[in-house]
Amino acid sequence: MKVCLIAEGSYPYTFGGVSAWVQMLIQGVPNVEFAVQTIVASRADAGECKFVIPANVVSMHDTFLSDDDV
């Protein structure tokens, strides 16, 4: 099974309740593949990952709200 998980302003760039829950969810079902889509306000908010990304995360993509597609 493959799941796309959309995280707004949290995982994997910040510690906290939502990010910790996402990490536990992904680690709790190792037979499920996850694609993580993170929505972040700006590139400056992304920074470095605060978590060790589990092996069942097959892709990670960021969307930056401040980027222009023009």
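For the structure itself, consult the block above.
All chains use their own residue numbering, which begins from 1 and follows the written sequence. Restriction of local features to residues with pLDDT of at least 70 applies here, the model being predicted, together with a cutoff of 80 or more for giving and counting side-chain atom pairs; totals for whole chains, interfaces and linings are based on all residues. To obtain the side-chain values, all non-hydrogen atoms of the structure were used and water was disregarded.

Undergrad: Hey, could you run me through the side chain of Gln23 in this one?
TA: Helix and strand definitions follow DSSP, with helices as H or I runs of at least four residues and strands as E runs of at least two, each counted in order from the N terminus. On the secondary structure map, Gln23 appears in helix α1 (residues 17-28). With a relative accessible area of 8%, Gln23 lands in the buried category. The criterion used for residue contact is that any of the two residues' heavy atoms lie within 4.5 Å. Not counting residues within four places of it along the chain, the set of residues in contact with Gln23 comprises Tyr11, Phe51, Val52 and Pro54. Think of it in three bands: residues with accessible area under 20% of the maximum for their type are buried, residues over 50% are exposed, and the middle band is partly exposed, with areas taken using a 1.4 Å probe on protein chains only.

Undergrad: Is there a simple way to think about the packing of aromatic side chains in this case?
TA: Any aromatic ring pair is given by two values, namely how distant the centres are and how the planes are angled relative to each other. Pairs were defined over the aromatic rings of Phe, Tyr and Trp, the Trp ring being its six-membered one, requiring ring centres within 6.5 Å. Orientation was assigned from the angle between planes: stacked under 30 degrees, edge-to-face over 60, tilted for the rest. Summed over all chains, the structure comprises 2 aromatic pairs. Each ring, one from Tyr11 and one from Phe51, has its centre 5.3 Å from the other, and the planes form 40 degrees; the classification is tilted. Taken together, the residues span a long stretch of sequence, with Tyr11 in the loop between β1 (2-8) and α1 and Phe51 in the loop between α2 (43-46) and β3 (57-64) at a distance of 40 residues. Tyr11 gets classed as buried once you look at its relative accessible area, which sits at 0%. Here the aromatic cluster, defined as three or more aromatic residues joined through ring pairs, consists of Tyr11, Phe15 and Phe51.

Undergrad: Can you help me understand the state of the cysteines in this one?
TA: By definition, a disulfide links the sulfur atoms of two cysteines through a covalent bond. Criterion for a disulfide: a pair of cysteine sulfur atoms within 2.5 Å. Applying the stated criterion to the full structure yields 0 disulfides. Between Cys4, a cysteine without a disulfide, and Cys49, which holds the nearest cysteine sulfur, the sulfur-to-sulfur distance is 16 Å. When its relative accessible area of 53% is taken as the criterion, Cys4 is described as exposed. The exposure class assigned to Cys49 is partly exposed, which follows from its relative accessible area of 35%.

Undergrad: I'm lost on the environment of Glu33 in this one. Help?
TA: Mapped onto the secondary structure, Glu33 falls in strand β2 (residues 33-40). We classify Glu33 as partly exposed; its relative accessible area is 31%. Linking Glu33 and Lys2, residues 31 residues apart in sequence, is a C-alpha distance of 4.7 Å. Beyond its immediate sequence surroundings of up to four residues, Glu33 is in contact with Met1, Lys2, Val3, Asn56 and Val58.

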